[in-house]
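Examining the three-dimensional arrangement
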Amino acid sequence: MVQMQRGVRHPDDPEPVESTKLVAARLLAGVAVALSPFIGGAIPALIALMLARQAEADIRASEGFLLGASQLASVRRLSRIALLITAAVILAALLVWVIGLARHAGAPTYGGDVAHSA
């Protein structure tokens, strides 16, 4: 029986490959940034953040057999940018809505064909 030290590759082990969760997270982060001005980027950004966290755990546990740890920060950064853009768009829409309500606050609620006394 062959004893192996922890972290040393056996000759029959496969070559190190990039984490597929990281690839999916990177793709979702890109989609999130593209869709964030239309508020559709929040969901892919959140999924990308979750996948990045799982990919980081998998990469650490793989002892060097999964690659891509250097790209985790950029995936997280893109996802957070997408969330910030989405939040800014929602905030701007709410601001426009509140200003619209304020403009019509003093206006009568009935139609223009109703006579009223002053």
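The rules behind each value
Residues numbered from 1 in each chain as written. Predicted model: local features only at pLDDT ≥ 70, side-chain atom pairs only at ≥ 80, totals over all residues. Heavy atoms only, no water. Salt bridge = Lys/Arg side-chain N within 4 Å of Asp/Glu carboxyl O. Buried < 20%, exposed > 50% of the residue type's maximum accessible area, 1.4 Å probe, protein only. Helix = DSSP H or I, 4+ residues; strand = E, 2+ residues; numbered from the N terminus. Expected span 1.5 Å × (residues − 1). Contact = heavy atoms within 4.5 Å. Arc of directions from axis to C-beta. Core = buried A, V, L, I, M, F, W, Y, C linked by side-chain atoms within 4.5 Å. Axes fitted to C-alpha atoms, helices over the stretch in contact; angles between N-to-C directions. Parallel < 35°, antiparallel > 145°, perpendicular 65-115°, else oblique. Left-handed = near helix turned anticlockwise from the far one by under 90°.

1. Considerations on the pattern of salt bridges
Enumeration over the complete set of coordinates arrives at four salt bridges. Among the ionic pairs, Glu-18 bridges to Arg-26, the shortest N-O distance being 3.0 Å. For Arg-26, a relative accessible area of 31% translates into the label partly exposed. Between Lys-21 and Asp-58 there is a salt bridge; the shortest N-O distance is 3.1 Å.

2. Observations concerning helix H3 (residues 72-103)
Between the first and last C-alpha of H3 there are 47 Å, a value that for 32 residues agrees with the 46 Å anticipated at 1.5 Å per step. For H3, every residue scored as buried is listed here: Leu-72, Val-75, Arg-76, Ser-79, Ala-82 and Thr-86. Where H3 is buried, its residues contact helix H1 (20-35) and helix H2 (42-61).

3. Digging into H1
An α-helical segment advances 3.6 residues per turn. Residues three or four places apart therefore align on the same side. Between its first and last C-alpha, H1 extends 22 Å over 16 residues, near the 22 Å set by a 1.5 Å rise per residue. Taken residue by residue, H1 has Leu-22, Ala-25, Ala-29 and Ala-32 as its buried positions. Axial view of H1: buried residues confined to an arc of 80°, hence all on one face. For H1, the exposed residues lying more than 90 degrees away from the buried face are Thr-20 and Leu-27. Packing partners of the buried residues in H1 comprise strand S1 (17-18), H2, strand S2 (66-67) and H3.

4. Points about the nonpolar core
Listed in full, the nine residues of the largest apolar core are Leu-22, Ala-25, Ala-29, Ala-48, Leu-51, Ala-52, Ala-55, Leu-72 and Val-75. Listed by contribution, the elements that provide at least two residues to this core are H1, H2 and H3. When residues in this core are grouped by element, the largest group, four residues, is from H2.

5. Digging into unusual backbone geometry
Notably, Ile-39 is not glycine yet its phi reads approximately 65°, a positive angle. With respect to the helices and strands, the residue Ile-39 is situated in the loop between H1 and H2. In this model, Glu-63 sits at a positive phi of 55°, which is unusual for a non-glycine residue. Take Glu-63: it is sitting in the loop between H2 and S2. Assessed through its relative accessible area of 33%, Glu-63 is described here as partly exposed.

6. Observations regarding the packing of H2 against H3
Packing of H2 against H3 leaves a shortest axis separation of 9 Å and a crossing angle of 160°. In terms of axis orientation, H2 runs roughly antiparallel to H3. Once H2 is placed against H3, the crossing between them reads as left-handed. For the pair formed by H2 and H3, the contact residues are Ala-42, Ala-45, Leu-46, Ala-48, Leu-49, Ala-52, Arg-53, Ala-55 and Glu-56 on the first element and Leu-72, Val-75, Arg-76, Ser-79, Ala-82, Leu-83 and Thr-86 on the second.

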